[in-house]
Amino acid sequence: MKGIFRQMNKMVLVLAATLLLAGCAGGPLTTREKGGGIGALGGAAVGGIIGSAVGHPAAGAAIGGGLGLGAGALVGDQLQGQENQHERQENEIRSNQSEIDRQRYELERLRRERGEY
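Everything numeric in this text was worked out from a predicted model, so none of it was measured.

### Notes on the overall build of the protein chain
When helices and strands are counted, the protein chain shows three helices and zero strands. In sequence order, the secondary structure elements of the protein chain are arranged as α-α-α. For the protein chain, with 117 residues in total, the buried portion stands at 20%. Within the protein chain, residue pairs in contact and separated by at least 24 positions form 64% of the contacts whose partners lie at least 6 positions apart. As displayed, the protein chain offers around 8,600 Å² of accessible surface, 62% of which is attributable to carbon and sulfur atoms.

This is the structure:
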């Protein structure tokens, strides 16, 4: 039984180290990458626990990690899409506000020229 837990711990440590190194390699993680990493770690942990209950913790951790990675990446992708849409909307709002300010200034300038003030 101790051998199974050692093997599972090694597998989780290797997965965590791999994700850590991959995450540090190219700058900040995107939301998709964060979701995938969290999903992989969570899936590996749950898979390892379930696998140890049936006598195959390493296989359970590997399968759970793969499934968790896929599910986490899908959730992260959805969240990143929402963040991108929010950013586009914020940029459009700023652009519209700038145009409103420009038109307000122009209107005030025309009123001053006509002596309406």
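Next comes the rest of the account.
### Here we look at the packing of helix H2 (residues 31-54) against helix H3 (residues 57-114)
One way to put it is that H2 packs onto H3 with a least axis distance of 5 Å and a crossing angle of 155°. By the criterion of interaxial angle, the relationship of H2 to H3 is roughly antiparallel. For the crossing formed where H2 meets H3, the hand is right-handed. Looking at the contact of H2 with H3 residue by residue, the class counts come to seven nonpolar, 16 polar and three charged.

### What to know about the pattern of salt bridges
In total, this model carries five salt bridges according to the counting rule given. In this structure, glutamate 106 engages arginine 109 in a salt bridge whose closest nitrogen and oxygen atoms are separated by 2.4 Å. Of this pair, glutamate 106 and arginine 109 are both found in helix H3, three residues apart, which corresponds to roughly one turn of the helix. Given a relative accessible area of 27%, glutamate 106 falls into the partly exposed group. We classify arginine 109 as partly exposed; its relative accessible area is 26%. Note that arginine 109 and glutamate 113 form a salt bridge whose closest N and O atoms lie 2.3 Å from each other. Pair noted here: arginine 109 and glutamate 113 are both in helix H3, with a separation of four residues, about one helical turn. Residue classification places glutamate 113 among the exposed positions, given a relative accessible area of 56%. Among the charged side chains, a salt-bridge network with shared partners connects Glu106, Arg109 and Glu113.

### Some words on H2
Here H2 spans 34 Å end to end across 24 residues, near enough to the 34 Å set by a 1.5 Å rise per residue. Within two residues after H2, glycine 55 carries a phi angle of roughly 95°, on the positive side.

Rules used throughout
Residues numbered from 1 in each chain as written. Predicted model: local features only at pLDDT ≥ 70, side-chain atom pairs only at ≥ 80, totals over all residues. Heavy atoms only, no water. Helix = DSSP H or I, 4+ residues; strand = E, 2+ residues; numbered from the N terminus. Buried < 20%, exposed > 50% of the residue type's maximum accessible area, 1.4 Å probe, protein only. Contact = heavy atoms within 4.5 Å. Areas by Shrake-Rupley, 256 points an atom, 1.4 Å probe, with all protein chains shown as cover. Axes fitted to C-alpha atoms, helices over the stretch in contact; angles between N-to-C directions. Parallel < 35°, antiparallel > 145°, perpendicular 65-115°, else oblique. Left-handed = near helix turned anticlockwise from the far one by under 90°. Nonpolar A, V, L, I, M, F, W, Y, C, P; charged D, E, K, R; others polar. Salt bridge = Lys/Arg side-chain N within 4 Å of Asp/Glu carboxyl O. Expected span 1.5 Å × (residues − 1).

Keep in mind these values describe shape, not function.
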